[in-house]
Amino acid sequence: MWDHQRPSHRMATCNLLFLLLFTCQRVKAEFSIDDLSLTFDPGADVGRDTNVTVTCHATVSRSQGFTPQYEFSIEKDNKVVNRTTSTSDTFDYPIKAARVSDSGGYQCRLSIQGKKKSSKKETLTITGTQTPQISVDSSSIMEGDEVTATCRAPGERGAFTYYFYVGDQEAAIRESNIEESSVKLQLSNSGRNNLTCQYFVSLLGKHMPSSVSTPKYVFVKEIAISVSLAISPSMEIIEADNFSASCVVNSSPRSETVSLIMGKNILSQGRGRVDYSAVAKANDSGEYMCKVEVNGVAKTDKKMLMVKELFSKPRLIFNPEQAFEGEFVRLSCESTNLERIKKEDIKYSIYKNNYLQPMGNINGQMVIQAGPSGNDNYHCMAEAKSISKKSDVIIFRSKVLASKPDIFVKQKVILGEKFDIYCKSNGTLPITYTLYQGGKKLQNTTIYDSWAEARFNTSIKQKEHIGTFRCRAQNDGSKNYSDSLPLSAVVVEHLGKPLLTTLPVPHNVEEGQELTLICNVPSGTPPITFKWFSSGSKTVLHTKTVNANSSHHVIPQMEKTDSGEYYCHALNAANAVDSDRVIIQVKLASWKKVVIVGICLLVVAALVVVIIARYKAKRVGVNVGPSVWTERPSSSDSSDRSSVHSHNDPDVEYTEVVHPQPVDPARVPLKKGTDTVYSELQTAPLDPSEHVDNGAVEYAELNHDLPEPVD
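In this text, all values refer to a predicted model and were calculated from it rather than measured experimentally.

A. Molecular detail of the overall build of the protein chain. Across its full length, the protein chain carries 3 helices and 55 strands. Burial status across the protein chain gives 35% buried among its 711 residues. In the protein chain, 61% of the contacts between residues at least 6 apart in sequence involve partners at least 24 apart. Accessible surface, the protein chain as shown: approximately 43000 Å² in total, 52% of it carbon and sulfur.

In structure tokens form, the structure reads like this:
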């Protein structure tokens, strides 16, 4: 039928479905989770066996007609304990007969169509635990047998740690996740034994204890067996006495193994009875024990034996305790606290490196000479009534007198400044060192370490004083000492102010010329490092180290740009000083001067040639017109000439004037040459009405050696 509907109806139906779908989507999207809370009913702090309800409640704002699906989950200590999905905004989680293990932090979480919210974490506290119950599989056992004890915590939940006690002593610990635990116990005490138990519940690292159970009693029957220890002749004896000890098992038949023990040593072992005898020594004092074991149960009997020393442990004595090489030392061995014997009853002997010393060893007395042959390990032995005792080992080393000390310095000795003098000697420590200058005692110090050196701080004012120092070493009081040789060291003297000289002298240096800079110090100890500097250069021109008080640096070819201030720097181990500045002005080279003079002469000659050439050219031009000696041109000519120049600038006319030379030989001849007289004859345009002769600028050259021209 759908296919037979008209297109307009179908279009309307599609539009309606689209509108409904759009409306549903809008309804679905229009909600907001406003709040989520978690509560406990009847409360957050209750006693055990209380029924507790954990409630999650959500407050959601939503559009009309929209019903959300609530996805609730409840967590305890960050672990989910329950979850549900419903259309209700409230979710209840019941806890029936709450236990301590139900205590913890609870939190509710909600999710609606991807939107999530969490409540605040709330704490539930359950107080009170179930009193544990203990039971045993037998109330009476034989000594050495085991009993099984079980501890129960009925109705409790969680992780448990069970403790079992026999009397007041902790007997066993067990861990379990269920409400009971069992353990096997071996009861060692005969008679009535009371057993109890207790448990702890683990909550987030804390352990909540229960009360202690009511005790259960187990009776332990003692095994009918015992052992006895007997020591003779008494419990207090003296070294060299004979003594005996015996262990007897009191049972029938005597088939059990019995042991006689002293300290950690088993002296004797056997079935039913053991015996032990020995000559008493001081180290036999102590506790003796007889022991027999049946079914894991040990029966013992203990007694204390006291053995007094016949004589004390010997002591080896050196007199004197320390001696220098070559000196004599007396050795003696002795014991004290004698019992039932006299001093003469003890035989002494001295050993060197475990070898008996036969020579000079008279009943523990001998003399040795200190030195390399006497250096060794020594001990002595004392013997009486088959009892022998050894002294402690003593290591004897002869003292060595201080050897001739070495005196030296480790750094440069600079005149007038403080420096250190060192002394070192070999010998037995401690060694006292004394520094002398001449016959005067300056300082002293004592050295206690073999690697250390004596150090003295002093100074000198003259170089010759360095050899007046010596050092004295002694380690035997004032009886023996050894002096060093005089101190030998290089003394560095301060440098005086350097003097910088030049070759050639500073005011006579030309371009291209070699310049030698000589630096000289009046005083100071080589080696000396010389450096040359120029004010025009930031770097060192040259550096040289020499074993002399002067040095030089050559600049092979000076330039005009090398002009400036020069100075030298001198350095040795004591100090560094600079010279005064020397000003050097580099002059022009001589050949350049000659070239310049030649060029100037050539220029002057060229100018002369040009002037002469121009002069001759002008002279030819003047000869075309009338000379000074010719008749003045007619007025008509003048007028013609004026008419020609009427519109031009004034003309300058050059006229050569010749002065005749006198022919009188008696007259003093005039200087040969040509004097030029410059006369300016300016022709100015005039008014035609004015009758004025035209003038001309006339340059006359006076030639004294030419005759006056003839008409």
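B. How the structure looks around the pattern of salt bridges. Applying the stated criterion across every chain yields a total of 24 salt bridges. The salt bridge involving Glu143 is made with Lys299; its shortest N-O contact spans 3.1 Å. With Glu143 in the loop between β11 (140–142) and β12 (146–152) and Lys299 in strand β26 (residues 297–308), the pair connects residues that are 156 residues apart, well separated along the chain. For Glu143, a relative accessible area of 5% puts it in the buried group. In this structure, the salt-bridge partner of Lys410 is Glu453, at a minimum N-O distance of 2.8 Å. A residue pair is termed long-range when its members are at least 10 positions apart, and Lys410 in the loop between β35 (406–408) and β36 (413–414) and Glu453 in the loop between β39 (440–447) and β40 (454–458) qualify at 43 residues.

C. Expanded view of the packing of aromatic side chains. All chains considered together, the criterion is met by 16 aromatic pairs. Note on Phe72 and Phe91: the rings are 6.0 Å apart at their centroids and 25° apart in plane angle, and the pair reads as stacked. In this pair, Phe72 is assigned in strand β4 (residues 70–76) and Phe91 in strand β6 (residues 90–95), connecting sequence segments 19 residues apart. Take Phe72: its relative accessible area is 2%, and that puts it in the buried class. Given a relative accessible area of 9%, Phe91 falls into the buried group. The ring of Tyr481 carries Arg472 above its face, with NZ or CZ at 3.9 Å from the centroid.

D. Fine view of the sheet that holds β35. Judged by pairing direction, the sheet is antiparallel, and its 3 strands sit side by side in the order β35-β37-β40 without closing on themselves. The open sheet has two edge strands with one neighbour each: β35 and β40. Neighbouring strand axes in the sheet, compared pairwise and without regard to direction, differ in orientation by 20° on average. When strand β37 (residues 419–424) meets β40, the two strands line up antiparallel, connected through 5 bridges. Each residue of the ladder has a partner; that of Phe419, found in β40, is Thr458.

E. Fine view of the confidence of the model for the protein chain. Of all residues in the protein chain, 82% have pLDDT values of 70 or greater, and the mean over the chain is 82. Note that pLDDT drops below 50 for residues 1–7; the model gives that stretch 3 contacts with residues more than four away or on any other chain. Segment residues 18–28: pLDDT under 50, and 6 contacts once partners within four positions in sequence are set aside and those in other chains are kept.

F. Examining the pairing of strand β49 (residues 550–555) more closely. A one-sided burial pattern is seen for β49, the buried positions being Ser551, His553 and Ile555 and the unburied ones Ser550, His552 and Val554. Strand direction decides the pairing type here: strand β46 (residues 515–520) and β49, joined by 6 bridges, are antiparallel. Along β49, the bridge assignment pairs Leu517 with His553.

G. View of the nonpolar core. Grouped together as the largest cluster of nonpolar side chains are 25 residues, with contacts concentrated most on Val52, Val54, Phe72, Ile95, Tyr106 and Leu110. Sorting the residues of this core by element identifies β1 (31–41), β3 (52–62), β4, β6, β7 (104–112) and β9 (122–127) as the ones contributing at least two each. Apart from residues lying up to four places away in sequence, Tyr106 is in contact with Leu38, Phe40, Val54, Ile74, Glu75, Lys76, Ile95, Lys120, Lys121, Glu122 and Leu124.

H. Representation of the environment of Val183. Assignment of secondary structure puts Val183 in strand β15 (residues 180–186). Those residues in contact with Val183 that lie beyond four places of it in its chain are Val147, Thr148, Ala149, Phe164, Ala172 and Arg174.

I. Representation of the state of the cysteines within the structure. Enumeration over the complete set of coordinates arrives at 6 disulfides. The disulfide partner of Cys247 is Cys290, and the gap between their sulfur atoms is 1.5 Å. In this structure the cystine formed by Cys247 and Cys290 twists about its S-S bond by roughly -75°; its chirality is therefore left-handed. Taken together, the residues span a long stretch of sequence, with Cys247 in strand β21 (residues 242–250) and Cys290 in strand β25 (residues 286–294) at a distance of 43 residues. Just as Cys247 is buried, Cys290 falls in that class too. Between the sulfur atoms of Cys519 and its disulfide mate Cys568 the distance is 2.0 Å. Across the S-S bond of Cys519 and Cys568 the torsion is about 60°, and the bridge reads as right-handed. Of this pair, Cys519 sits in strand β46 while Cys568 sits in strand β50 (residues 564–571); the two residues are 49 residues apart in sequence, bridging distant segments of the chain.

J. Region of the structure containing the environment of Pro209. On the secondary structure map, Pro209 appears in strand β17 (residues 206–209). The partly exposed category is assigned to Pro209, whose relative accessible area is 45%. Linking Pro209 and Tyr199, residues 10 residues apart in sequence, is a C-alpha distance of 6.1 Å. Here Pro209 is in contact with Thr129, Gln198, Tyr199 and Phe200, once residues within four sequence places are set aside.

K. Structural context of the sheet that holds strand β44 (residues 499–503). The strand order across the open sheet built from 3 strands is β44-β46-β49, with neighbouring strands paired in antiparallel fashion. Two strands bound the open sheet, and with one partner strand each, they are β44 and β49. Ignoring which end each strand starts from, the neighbouring axes of this sheet average 20° apart.

L. Layout of the pairing of β4. Among the 7 residues in β4, 6 count as buried, and that is most of the element. Across 7 bridges, the pairing between β4 and strand β5 (residues 79–86) is antiparallel. Within the sheet, the bridge partner assigned to Phe72 lies in β5 and is Thr84. Connecting β4 to the next strand, β5, in antiparallel fashion are 2 residues, including Asp77 with a positive phi near 55°. Note that β4 and β7 share 6 bridges and pair antiparallel. Looking at the pairing, Glu75 lines up with Gln107 of β7.

M. Region of the structure containing the environment of Lys440. With respect to the secondary-structure elements, Lys440 resides in strand β39. Lys440 gets classed as exposed once you look at its relative accessible area, which sits at 56%. Taking the C-alpha atoms as reference points, Lys440 and Thr468, 28 residues apart in sequence, are found 10.0 Å from one another.

Criteria and thresholds
- Residues numbered from 1 in each chain as written.
- Predicted model: local features only at pLDDT ≥ 70, side-chain atom pairs only at ≥ 80, totals over all residues.
- Heavy atoms only, no water.
- Helix = DSSP H or I, 4+ residues; strand = E, 2+ residues; numbered from the N terminus.
- Buried < 20%, exposed > 50% of the residue type's maximum accessible area, 1.4 Å probe, protein only.
- Contact = heavy atoms within 4.5 Å.
- Areas by Shrake-Rupley, 256 points an atom, 1.4 Å probe, with all protein chains shown as cover.
- Salt bridge = Lys/Arg side-chain N within 4 Å of Asp/Glu carboxyl O.
- Phe/Tyr/Trp six-rings, centres within 6.5 Å; stacked < 30°, edge-to-face > 60°.
- Lys NZ or Arg CZ within 6 Å of the ring centre and 35° of its normal.
- Pairing = 2+ DSSP bridges.
- Axes fitted to C-alpha atoms, helices over the stretch in contact; angles between N-to-C directions.
- pLDDT = per-residue confidence, 0-100.
- Core = buried A, V, L, I, M, F, W, Y, C linked by side-chain atoms within 4.5 Å.
- Disulfide = S-S within 2.5 Å.

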